[in-house]
Amino acid sequence: MMAGPREATGLTAGAGCPRNPHFPGTGVFRPPSVFQVEPNPMKTHSARKSEIHRKWFVVDAENAVLGRMASQVASILKGKHKPLYTPSMDTGDFVIVVNADKVKLTGNKETDKKYYRVGLQGKPGSLKVATAEELRARRPEDLVKNAVRRMLPRSPLGRQMFSKLKVYAGPNHPHEAQKPQVLELQA
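In this text, all values refer to a predicted model and were calculated from it rather than measured experimentally.

This part takes up a negative patch on the surface. Residues Asp60, Glu62, Asp101 and Glu184 make up a contiguous surface patch of negative charge. For Asp101, the location among the structural elements is in the loop between β2 (94-98) and α3 (109-112).

Given below as structure tokens:
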């Protein structure tokens, strides 16, 4: 009869494990790697507040398609462009959008898209409706703000991310002291 793997190594059910002193009397061989704790290079890293460094970016919205621009701006506000991105934390950067009054809407959205809001009292009959064309004439910043806000999480974290967005109708902004970098949008 041929000897099995346990008999060949001298390990039987009641005998101690000669190669592993951590399990005397068990007869079970455990490789030494079970006991060594090594850092795992594939472990997920969660960002700490001390590791987050925020930059300022400026985006020119002139002739940019609203939805495509808003999705890229929302991604930067979330921090998805950084290797340090953590979904449960605000790791994003500040974004300044200039020339919001010159943003493009594709198709018939200029006349067909409607924006709804409730009046100050919140009473029945206080619902206000405006087309994109009317909103652009009255408050062009709100076109960009609405598009970006709706691409962020609907939570306190999303509101914190949204507070880093600064939108201006014209080409000037008061944030020159922060030395914003020009951000080129992808087509």
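Following the structure, the description resumes.
The strand order across the open sheet formed by four strands is β5-β2-β1-β6, and the pairing between neighbours is parallel. Edge positions in the open sheet fall to β5 (165-167) and β6 (181-182), since each of these has one partner strand only. In this sheet, β5 lies alongside β2 in parallel orientation, the contact comprising three bridges. Its bridge partner lying in β5, Val95 is registered against Leu165. Helix α5 (residues 141-149) rests against β2 and β5 of the sheet, and its axis sits at about 155 degrees to β5.

At a minimum axis separation of 8 Å, helix α2 (residues 66-78) and α5 run at an interaxial angle of 60 degrees. With respect to their mutual orientation, α2 and α5 come out oblique. α5 is crossed by α2, and the crossing has right-handed handedness. Only Leu143, Val144, Ala147 and Val148 of α5 make contact with α2, whose side of the interface consists of Leu66, Met69, Ala70, Val73, Ala74 and Leu77. When grouped by side-chain class, the residues that make up the contact of α2 with α5 number 10 nonpolar, no polar and no charged.

Tracing the backbone through its elements, the reader meets Leu185 in the segment after β6. Owing to a relative accessible area of 26%, Leu185 belongs among the partly exposed residues under this scheme. Along the backbone, Leu185 and Val59 are 126 residues apart, and their C-alpha atoms lie at a distance of 7.6 Å. Contacts of Leu185, omitting those with residues within four sequence positions, involve Val59, Ala64, Met69 and Gln72.

Conventions adopted
- Residues numbered from 1 in each chain as written.
- Predicted model: local features only at pLDDT ≥ 70, side-chain atom pairs only at ≥ 80, totals over all residues.
- Heavy atoms only, no water.
- Patch = residues over 30% accessible without salt bridge, like charges linked within 9 Å, V, L, I, M, F, W, Y side chains within 5 Å.
- Areas by Shrake-Rupley, 256 points an atom, 1.4 Å probe, with all protein chains shown as cover.
- Salt bridge = Lys/Arg side-chain N within 4 Å of Asp/Glu carboxyl O.
- Lys, Arg positive; Asp, Glu negative; His and termini not counted.
- Charge placed at Lys NZ, Arg CZ, Asp CG, Glu CD.
- Helix = DSSP H or I, 4+ residues; strand = E, 2+ residues; numbered from the N terminus.
- Pairing = 2+ DSSP bridges.
- Contact = heavy atoms within 4.5 Å.
- Axes fitted to C-alpha atoms, helices over the stretch in contact; angles between N-to-C directions.
- Parallel < 35°, antiparallel > 145°, perpendicular 65-115°, else oblique.
- Left-handed = near helix turned anticlockwise from the far one by under 90°.
- Nonpolar A, V, L, I, M, F, W, Y, C, P; charged D, E, K, R; others polar.
- Buried < 20%, exposed > 50% of the residue type's maximum accessible area, 1.4 Å probe, protein only.

Everything listed here is a matter of coordinates, which is why it stays silent on function.
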